[in-house]
Amino acid sequence: MPQMIAGFVLALVSGSAPRPALEIEVAPAPFPFVIDGARYPVPVVFEGKVVCSGAAPEGAALTVRLEGATGSARADLGAWKAGEAKTFRLALEAPAAGVALFRIIGEAQGAATASEAWAVPRVPAHPLLRGAVAACPRFRFVQMSDLHLLDRETVSSGVKTARNLETAVDEVNALDPPPAFVVVTGDVASDVGRGYALALEILGRIRVPFVILPGNHDFLKATRAATLAYASLGLPFFYSFDVGLWHFVCLNAQPDPAKMPVAGTIDPIQLAWLESDLRAASRPAMVFVHQSPVLGELQPGHGITNGADLRRVLEASGCVRWTFCGHVHFETFIEAGGIRHISTAAVAYPSQAQGYRHYRTGTGWRLVEVDGESVRTRFKALGGAWEDDPAPDAYLSLDRMKSNPMVEYPGKPK
Ligand SMILES: [Fe+2]
Ligand SMILES: [Fe+2]
């Protein structure tokens, strides 16, 4: 149920004309929460819509403001139009301690105001966000992607996806030495909020900290159960953390759960945060995101609609060396602008690239071994063998793929 913020009328209109009124809905659920104790602060994001009803002075300008202890943010929503709903998305940093109180104010010039205070719940930060994971220069981590969980017996593309995830978790738990952490790059669930509880139950068996980020099938915020399950992890929708010499960033390319298109989008709030986060990091960085920052240039649904904006921020930072995505359910190794971009196969079921070259398909997960600033990656086929990835200098260049999408990986074994 959308939570309604009461609107009240400031101006009376004579005669029988309906009085102007504003309502603010923070939709689809009152989700914002503050992550307590995160080493890198992330904004608290409020999203919703302002609904106008009744008459109002011609051309009255509609604005919405978010105010809190750390400042204020404002969005101009254009002119009043009775019956029209206008969406907004505003963010502020949370206060470091104490009650996280915010106020959302919608105003139509000379007509009506709606306003309500919000006390935002605090959630203890995930251990990685607290910097509580041992930080030595040599460590390894696991990336797995596209779990597509529904329920225990669901078969997708001929496999029980829950069984595949259990196999992957068993294999990760058998690693010696163990990884420092596991990152799951989206499509955790595969329906409107269903599958989350089961996914987190199975992922909860991983013996090291794991983090997740949303994919286009996750529909996070669509149901209260999925929302609460996600919030219980102590992770915001986008965040960063440090391990060893490296900075890690997890992005959310699914900002609007009501639409959930196949391709991703990084909204302006997140791009601005990313720019300042990378500026403050002053160390080499890796970025995790569900859809690839580069594959959209080869096939639109495979990437991020504003991938050019994202790439500009990543490349201008001077510190991002690698990105890891999922979504396409096959593997590519692409270099662009001095950054190496890996798409990792799914745990759930495979797919194949149409119209451009991929390196490998199948099901499995990726081990990334870090030693100082050097990085080695390998693929573990689910229930099968380890497979080598291309050497860093054998990645395909994005420019070369754009001119010849079927160009072969140099030195790839036949
Ligand atoms: Fe996806
Ligand atoms: Fe997927």
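Before reading on, note that the structure itself is shown above.
For the structure given in this document, a descriptive report is provided here. (Residues numbered from 1 in each chain as written. Chains lettered and ligands numbered in written order. Predicted model: local features only at pLDDT ≥ 70, side-chain atom pairs only at ≥ 80, totals over all residues.)

1. Some details on helix α4 (residues 224–231)
Along α4, the positions that sit buried rather than exposed are A226, T227, A229 and Y230. Relative to the axis of α4, the buried residues are bounded by an arc of 165 degrees and lie together on one face. Buried residues in α4 make contact with α3 (196–203). (Buried ≥ 20, exposed ≤ 12 C-beta atoms within 10 Å, placed from the backbone. Helix = DSSP H or I, 4+ residues; strand = E, 2+ residues; numbered from the N terminus. Arc of directions from axis to C-beta. Contact = placed C-beta atoms within 7 Å.)

2. Some points on the sheet that holds strand β22 (residues 339–343)
Strands sit in the order β17-β18-β19-β20-β22-β21-β26 across an open sheet of seven strands; the sheet is mixed. Of all the strands in the sheet, just β17 (239–243) and β26 (396–397) have a single pairing partner and so form its edges. Relative to β22, strand β20 (residues 320–325) is paired through four bridges, and the arrangement is parallel. Its bridge partner being in β22, F324 is matched across the sheet by I342. Contacts from helix α5 (residues 268–281) reach β17, β18 (246–250), β19 (285–288) and β20, with the element oriented near 170 degrees to β18. (Pairing = 2+ DSSP bridges. Axes fitted to C-alpha atoms, helices over the stretch in contact; angles between N-to-C directions.)

3. Some points on the nonpolar core
In this structure, V182 and L251 are the most contacted members of the largest nonpolar core, which totals 114 residues. Each of domain 1 (3–123) and domain 2 (127–403) contributes no fewer than three residues to this core. (Core = buried A, V, L, I, M, F, W, Y, C linked by C-beta atoms within 7 Å. Domains from an automatic or database assignment.)

4. So, helix α2 (residues 161–173)
Between its first and last C-alpha, α2 extends 18 Å over 13 residues, near the 18 Å set by a 1.5 Å rise per residue. Residues of α2 that are buried: T161, A162, N164, L165, A168, V169 and V172. The arc that holds the buried residues of α2, viewed along the axis, is 160 degrees, so those residues lie on one side. Elements that come into contact with the buried residues of α2 comprise β12 (138–144), β13 (155–156), β14 (159–160), β15 (181–184), α3 and β23 (364–371). (Expected span 1.5 Å × (residues − 1).)

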